[in-house]
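# Structural features, examined
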Amino acid sequence: AWAHVRAQPGGLLRTAYGVLVGDSKLVMEVFRNSHDHYSVRGYGSRMAASIGLGYLGQDADSGHGQQAHDINAAIESISEAEGFEKAYGIARTLLARLRAGGQAQAQVQQAPEVLIDLERLSEEVMAQLCRRWFGLPNGQQMWGNERHDASEPKAPRCPRDFVAVSRYVFGPQPTRRVEKGGQAAGEALQRAARHWLDSKPDLSQLPLVQAILKAVEPLKQAGDTSIAERTLAGIMLGFPPTVHGNLLTALMAWVSTRKLWDLQLLWPIAPADPFAESQRRLRPILLRTLMARPQPAMVWREAKCDHQL
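Residues numbered from 1 in each chain as written. Predicted model: local features only at pLDDT ≥ 70, side-chain atom pairs only at ≥ 80, totals over all residues. Heavy atoms only, no water.

## Some words on the overall build of the protein chain
Within the protein chain, the regular secondary structure consists of 13 helices and 4 strands. Taken over C-alpha atoms, the radius of gyration comes to 21 Å for the protein chain, in line with the 19 Å a tight globule of 309 residues would show. C-alpha atoms of the protein chain, sized along the principal axes, occupy 65 × 55 × 40 Å. Relative to its 309 residues, the protein chain shows a buried fraction of 39%. Contacts in the protein chain between residues at least 24 apart in sequence constitute 61% of all its contacts with a sequence separation of at least 6. (Helix = DSSP H or I, 4+ residues; strand = E, 2+ residues; numbered from the N terminus. Rg over C-alpha atoms; globule rule 2.2 N^0.38 Å. Buried < 20%, exposed > 50% of the residue type's maximum accessible area, 1.4 Å probe, protein only. Contact = heavy atoms within 4.5 Å.)

## Quick word on the nonpolar core
Ranked by internal contacts, the top residues of the largest apolar core, which has 50 residues, are Phe134 and Leu232. Every element with two or more residues in this core is listed here: helix H3 (41–48), helix H4 (60–76), helix H5 (80–109), helix H6 (118–134), helix H7 (160–170), helix H8 (176–198), helix H9 (207–221) and helix H10 (227–237). When residues no more than four places from it in sequence are discounted, the contact partners of Leu232 are Phe134, Leu136, Ala193, Trp196, Leu197, Val209 and Ile212. One finds Ala250, Ala253, Leu260 and Ile285 within the second-largest nonpolar core, a separate group that totals 7 residues. (Core = buried A, V, L, I, M, F, W, Y, C linked by side-chain atoms within 4.5 Å.)

## Comments concerning the environment of Asp202
With respect to the helices and strands, the residue Asp202 is situated in the loop between H8 and H9. As for Asp202 and Gly135, which are separated by 67 residues in sequence, their C-alpha atoms are 9.1 Å apart. In this structure the side chain of Asp202 is engaged in a polar contact, spanning 2.9 Å, whose partner is the side chain of Ser204. (Polar contact = N/O pair within 3.5 Å; in protein donor to acceptor, adjacent residues only side chain to side chain.)

## What about empty space enclosed by the protein?
Over the atoms a probe the size of a water molecule is rolled, and this reveals where empty space is left. Within this structure, the stated rule accounts for 1 cavity of 30 Å³ or more. Here the largest cavity defines a volume of roughly 40 Å³. The wall of the largest cavity is formed by Met47, Gly54, Tyr55, Leu56, Thr231, Gly234 and Ile235. Counting residues per element, the lining of the largest cavity draws most heavily on H10, which supplies 3 residues. (1 Å grid on protein atoms, 1.4 Å probe; cavity = no way out; pocket = protein on both sides within 12 Å on 5 of 7 lines; lining within 4 Å. Points joined across faces, edges and corners; volume = space filled by probe spheres on them.)

## What about a nonpolar patch on the surface?
A grouping of Met28, Phe31 and Val299 is seen on the molecular surface, where their side chains present a nonpolar patch of about 250 Å² in accessible area. Inspection of the secondary structure puts Phe31 in helix H2 (residues 24–32). Judged by its relative accessible area of 43%, Phe31 is partly exposed. (Patch = residues over 30% accessible without salt bridge, like charges linked within 9 Å, V, L, I, M, F, W, Y side chains within 5 Å. Areas by Shrake-Rupley, 256 points an atom, 1.4 Å probe, with all protein chains shown as cover. Salt bridge = Lys/Arg side-chain N within 4 Å of Asp/Glu carboxyl O.)

## What about the state of the cysteines?
Taken as a whole and judged by the stated rule, the model has 0 disulfides. Between Cys130, a free cysteine, and Cys158, which holds the nearest cysteine sulfur, the sulfur-to-sulfur gap is 3.8 Å. (Disulfide = S-S within 2.5 Å.)

## A look at the confidence of the model for the protein chain
Confidence in the prediction of the protein chain, expressed as mean pLDDT, is 92, and 100% of residues score 70 or more. Taking the mean pLDDT of every element in the protein chain, the minimum, 85, falls on H4 and the maximum, 98, on H8. (pLDDT = per-residue confidence, 0-100.)

## A closer look at the layout of surface pockets
Considering only enclosed or pocket space, the second largest pocket measures out at about 320 Å³ in volume. In terms of lining residues, the second largest pocket is bounded by 16 residues, among which Leu98, Gly101, Gly102, Gln105 and Leu115 are the most central. Residue classes in the lining of the second largest pocket are distributed as 7 nonpolar, 4 polar and 5 charged. (Nonpolar A, V, L, I, M, F, W, Y, C, P; charged D, E, K, R; others polar.)

## Here's the deal with unusual backbone geometry
Of note, the bond from Leu136 into Pro137 is cis; its omega dihedral lies within 30 degrees of zero at 5°. Here Cys158 and Pro159 are connected by a cis peptide whose omega angle stands at 15°. The residue Asn33 is not glycine, and still its phi comes out positive at about 55°. Along the polypeptide, Asn33 turns up in the loop between H2 and strand E3 (38–39). Positioned with a positive phi, Arg258 is a non-glycine residue whose angle comes to about 65°. Relative to the helices and strands, Arg258 resides in the loop between helix H11 (240–256) and helix H12 (259–266). Overall, Arg258 belongs to the exposed group, its relative accessible area being 53%.

Here it is, written out as structure tokens:
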């Protein structure tokens, strides 16, 4: 599809719902937005109708600049090595548990293999990383993938409901079903964040949440009473759907080409420094895979004024 767009005069194509831009130079012109022709306010409108307006849906002159600097700095203070270490440790523990359960099931069924559900594994890792960095899901106001009794009042789940919101907010033309599902999930997630903050949780081990609350405090004092929960939920929206989507896209590519088994053979059984090994053996291949199969497949902007690209 994008090869077709790039083959058109100028590398762009007008369609019924917008102009598709495939030429790399023009794509960067839209992203850099030096002439102030484009806006992310469309994301903001959909966020306002679901998880609550946050700075991911605001332009530099409409609120983004007030909050983004300090919060982004707090996010960026989590190094790649730290992120890897946490994810790697969680994944190893979960894999051991899944493998043990799979072996027991395989013995009962006399199956020759233990099957691992990679999507479930990714969801579990995302949920636990969110709990360590954001305090949610906590099994109360917001659930992860754990089981709950049917008699319990339902709570939104992380990462599943964030994925539903992401499809609605960031998809260029969501269906009515995606719209309704995203709006309902977003409202529930914002409500869960509010109830959790109202419960006065211990934030001493959650510096990222502390930074978020500190950044929005002036706006809260100025009368924006829901800014804290909206921003917390909105920052979480930027994490699990993106990472989960990229991981599944890469795994799907590796399984379909059988590259996954080649990579397993490349990985040492007991690496002395797993992060260093991952940088050397896996990162270049991962980047090439993601460049070939980007996730999301497209992003969108609204035109702020009539002009010709």
